[in-house]
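These are the residues of each chain, in order.
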Amino acid sequence: MISGLAHERLTSPKIGEMIEKLKSANGELSDAEKANVREMSRDFDRATKVPQELVEELSRQESLAHDVWTRAREQADYSMFAPELEKLVALTKKLADAYGYEGTPLNALIEGFEPGATVDSLTKLFDEVKAVTVPLTEKVIASPVKAKFDFQKNKFAAEKQKAFGETLIEKIGFDKQAGRLDTSIHPFCSGGLGDVRLTTRYNEHAPQQAIFGIIHEMGHGLYEQGVAPETYGTPLSEALSYGLHESQSRMWENYIGRSLPFWMHFYPSLKQQFDKELAGMSAEDWVLTVNHVERSLVRVEADELTYDLHIILRFEIERDLFAGLISVSDLPAVWNKKIEAYLGITPPNDGKEGVMQDVHWAGGSFGYFPSYSVGNIAAGQLWKKMNSDMPNMSKQIESGNFGEILSWLREHVHQLGRRYTRDELLKKATGKPLETEGYLTYLTEKFGSLYKL
Ligand code: ZN
């Protein structure tokens, strides 16, 4: 009901009239105000383009498909799910028609998550990523360097993990007067300025899951806490895109959180919490363990290096499905062929380890997946520039000093909200629109040095 009310207000003709008035007074507006009008107008146009009946029909089909998906996934029976997915895809194509697009219907859907991105631009970026990560994964797996530590045999008490997580986010700069950390079944970050909620779950036999989960959600939270307070309630106080949001969480989780300098600083306090459980393990061992690379079937459990391959295969399937090159019934075969080609493994079934593992398609979220990899790529681009602006960055991390890093991100990303388009923002921050160079160099150097390639 609340969504309905919000939608009704957003699409009210009154809003349209106000936007038109503001557009005609463009000359009197500041640059920030112009950006607000541009973004408000974009939201208004998109929301008013979809007929109410289609919204309802889609909503109904999403619920039906989700319900069938839950059972089909459990029983690993794709034939059960296929007819529902078929209907959902047909309705989603109608949705894309309502939005309007150039090229393929998927472009209209991607626009909802990653404004400005297209199937073609993503294909180009992802081909570059694939060309590096597929062979790099092979080399890392063939390397004799292996993590020796197994967490399974010890019990890492949840309350101690939580205590450590609390210290971590506070030391990094998450404002606990304006947010908090709690426990939930699925980790998330929600809320905004003044009240940012981070959640995680604790596995007592895999402490790294909660630790990096917390750092990840904190990255999202820092973005939300960093918007300019005076813009609150307008598009300028909102994150620019799903991909850029993910660039922040992944930078903190992977670039900073899984690095040796970070653990040079924090490992002693982790050790203090888990003295017995981590007996015989050095900071270097810990870092190698939390950067373990393997051929895995399940996206949510994938490591940093292979993660994009899981995303790219999903994107390619969506791309070909919406372009009419493959049909819903082809999905399991195409899925298995791609994961075999990129990761060298074949799922034993179409359920939890195969084509039906993710909730996204069952919920009608087509065009969402690319944002994860766009986040990785954008993080790499920003990271490169941060390293050249702050040559002693790893020394800062090693000494537990995150103030300058956070200020850099605040200035170049957080406080801008939706002021610029993604590529404009990246150009201002790094001199170039989204490109893979920084990311691929980072991956090659990081895993090359960890695995002595
Ligand atoms: Zn995230």
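What you see is a predicted model, and the numbers here were worked out from it, not measured in a lab.

Novice: Which residues make up the overall build of the chain, and what are the values?
Specialist: Helix and strand content of the chain: 19 helices and 3 strands. Taking 453 residues into account, the globule formula puts the C-alpha radius of gyration at 22 Å, and the chain, at 23 Å, falls close to it. Along the first, second and third principal axes, the C-alpha atoms of the chain reach 65 × 55 × 40 Å. Counting across all 453 residues of the chain, residues that qualify as buried make up 53%. Restricting to contacts in the chain with at least 6 residues of sequence separation, those with at least 24 account for 71%. Surface summary for the chain: the accessible area is close to 20,400 Å², and the carbon and sulfur share equals 52%. Positive and negative side-chain charges of the chain, numbering 52 and 66 respectively, have mean locations separated by a distance of 3 Å.

Novice: Break down the nonpolar core for me, with residues and values.
Specialist: A general feature of soluble globular proteins is that nonpolar side chains tend to end up buried together. Grouped together as the largest cluster of nonpolar side chains are 128 residues, with contacts concentrated most on Trp252, Phe262, Trp263, Leu278, Trp286, Met386 and Ile405. For Phe262, the contacting residues outside a window of four places in its chain are Leu168, Ile172, Ile215, Ile256, Gly257, Ile397 and Phe402.

Novice: Which residues make up the packing of aromatic side chains, and what are the values?
Specialist: For the coordinates displayed, the defined rule picks out 27 aromatic pairs. Judged by centre distance (5.8 Å) and plane angle (85°), the ring pair of Phe151 and Phe156 falls under edge-to-face. Relative accessible area serves as the criterion here: at 7%, Phe151 is assigned to the buried category. Looking at Arg250, its charged tip hangs above the ring of Tyr307, at a distance of 4.5 Å from the centre. Cation over ring: Arg258 sits above Phe212, and NZ or CZ is 4.1 Å from the ring centre.

Novice: Run through the sheet that holds strand 1 (residues 179-183), naming residues and quoting values.
Specialist: Adjacent strands of a sheet pair through backbone hydrogen bonds, lying either parallel or antiparallel. Taken together, 3 strands build an open sheet; the order of strands is 1-3-2 and the sheet is mixed. Every interior strand has two partners, whereas the edge strands, strand 1 and strand 2 (189-192), have only one. For this sheet the average axis-to-axis angle between neighbouring strands, irrespective of direction, equals 15°. As defined by bridge partners, strand 2 adjoins strand 3 (residues 195-200) across 4 bridges and the pair is classed as antiparallel. Residue pairing across strands places Gly192 opposite Asp195, the latter belonging to strand 3. Against the sheet, helix 9 (residues 207-225) touches strand 1, strand 2 and strand 3, its axis set at about 165° to strand 3.

Novice: Go over the coordination of the zinc ion with me, naming the residues and quoting the values.
Specialist: The protein atoms donating to the zinc ion are His216 (NE2), His220 (NE2), Glu246 (OE) and Glu246 (OE), with metal-donor distances spanning 2.1 to 2.7 Å. With 4 donor atoms in place around the zinc ion and angles of 49 to 126° between them, the coordination shape is irregular. We note that the donor set of the zinc ion lies within a single chain, spaced as H-x3-H-x25-E. Linking His216 in helix 9 with Glu246 in helix 10 (residues 242-256), this pair joins segments that are 30 residues apart in sequence.

Novice: Break down the pairing of strand 3 for me, with residues and values.
Specialist: Both strand 1 and strand 3 contribute to a ladder of 5 bridges, which runs parallel. By the bridge assignment for strand 3, Asp182 is matched with Thr199. The hairpin formed by strand 2 and strand 3 contains 2 residues between the paired strands, and Gly194 there has a positive phi angle of roughly 90°.

Novice: Kindly report on the side chain of Ser184, identifying the contributing residues and their values.
Specialist: Note on placement: Ser184 falls in the loop between strand 1 and strand 2. Within the structure, Ser184 has its side chain in polar contact with the side chain of Thr199 (distance 2.7 Å). The contact partners of Ser184, leaving out residues within four places of it in the chain, are Thr199, Thr200 and Arg201.

Novice: Explain helix 2 (residues 13-24) to me, using residue names and the numbers behind them.
Specialist: Within an α-helix, residues lying three or four positions from one another point in the same direction, as the helix has 3.6 residues per turn. For helix 2, spanning 12 residues, the distance from its first C-alpha to its last is 17 Å, which sits close to the expected 16 Å at 1.5 Å a residue. Buried residues of helix 2: Ile15, Gly16 and Ile19, and no others. Seen along its axis, helix 2 keeps its buried residues to an arc of 100°; they face one direction. For helix 2, the exposed residues lying more than 90 degrees away from the buried face are Pro13, Lys14, Glu17, Lys21 and Ser24.

Novice: I'd love a proper account of the pattern of salt bridges, names of residues and values included.
Specialist: Oppositely charged side chains can form a pair if their charged atoms are brought close together. Following the criterion strictly, the structure yields 32 salt bridges and no others. For Asp320, the salt bridge goes to Arg319, with nearest N and O atoms at 3.1 Å. Across the pair, exposure class does not vary: Asp320 and Arg319 are buried alike. The salt bridge involving Arg422 is made with Asp423; its shortest N-O contact spans 3.4 Å. With relative accessibility at 7%, the residue Arg422 sits in the buried group. For Asp423, a relative accessible area of 31% puts it in the partly exposed group. Among the charged side chains, a salt-bridge network with shared partners connects Arg38, Glu39, Arg42, Asp43, Glu111, Glu238 and Arg418.

Novice: So what's going on with the packing of helix 13 (residues 304-322) against helix 14 (residues 331-343)? Which residues, and what values?
Specialist: Taken N-terminus to C-terminus, the directions of helix 13 and helix 14 make an angle of 145°; their axes are 10 Å apart at the nearest point. In the crossing of helix 13 with helix 14, the sense of the turn from one axis to the other is right-handed. Side by side, helix 13 and helix 14 meet where Thr306, Leu309, His310, Leu313, Arg314, Glu316, Ile317 and Leu321 of the first sit next to Leu331, Val334, Trp335, Lys338, Ile339, Tyr342 and Leu343 of the second. Looking at the contact of helix 13 with helix 14 residue by residue, the class counts come to 10 nonpolar, 2 polar and 3 charged.

Novice: Quick rundown of unusual backbone geometry? Include the residues and the values.
Specialist: Of all residues except glycine, most have a negative phi; of all peptide bonds, most are trans. Even without being a glycine, Ala76 presents a positive backbone phi close to 50°. Here Ala76 is to be found in the loop between helix 4 (52-75) and helix 5 (78-99). The phi angle at Lys452 is positive, at roughly 45°, despite the residue not being glycine. Along the chain, Lys452 falls in the segment after helix 19 (437-450).

Here is what the cut-offs are and how they apply
- Residues numbered from 1 in each chain as written.
- Predicted model: local features only at pLDDT ≥ 70, side-chain atom pairs only at ≥ 80, totals over all residues.
- Heavy atoms only, no water.
- Helix = DSSP H or I, 4+ residues; strand = E, 2+ residues; numbered from the N terminus.
- Rg over C-alpha atoms; globule rule 2.2 N^0.38 Å.
- Buried < 20%, exposed > 50% of the residue type's maximum accessible area, 1.4 Å probe, protein only.
- Contact = heavy atoms within 4.5 Å.
- Areas by Shrake-Rupley, 256 points an atom, 1.4 Å probe, with all protein chains shown as cover.
- Lys, Arg positive; Asp, Glu negative; His and termini not counted.
- Charge placed at Lys NZ, Arg CZ, Asp CG, Glu CD.
- Core = buried A, V, L, I, M, F, W, Y, C linked by side-chain atoms within 4.5 Å.
- Phe/Tyr/Trp six-rings, centres within 6.5 Å; stacked < 30°, edge-to-face > 60°.
- Lys NZ or Arg CZ within 6 Å of the ring centre and 35° of its normal.
- Pairing = 2+ DSSP bridges.
- Axes fitted to C-alpha atoms, helices over the stretch in contact; angles between N-to-C directions.
- Donors = N, O, S within 2.8 Å, 3.2 Å for Na, K, Ca; no water.
- Tetrahedral: all angles 85-135°; square planar, octahedral: opposite > 155°, others 65-115°.
- Polar contact = N/O pair within 3.5 Å; in protein donor to acceptor, adjacent residues only side chain to side chain.
- Expected span 1.5 Å × (residues − 1).
- Arc of directions from axis to C-beta.
- Salt bridge = Lys/Arg side-chain N within 4 Å of Asp/Glu carboxyl O.
- Left-handed = near helix turned anticlockwise from the far one by under 90°.
- Nonpolar A, V, L, I, M, F, W, Y, C, P; charged D, E, K, R; others polar.

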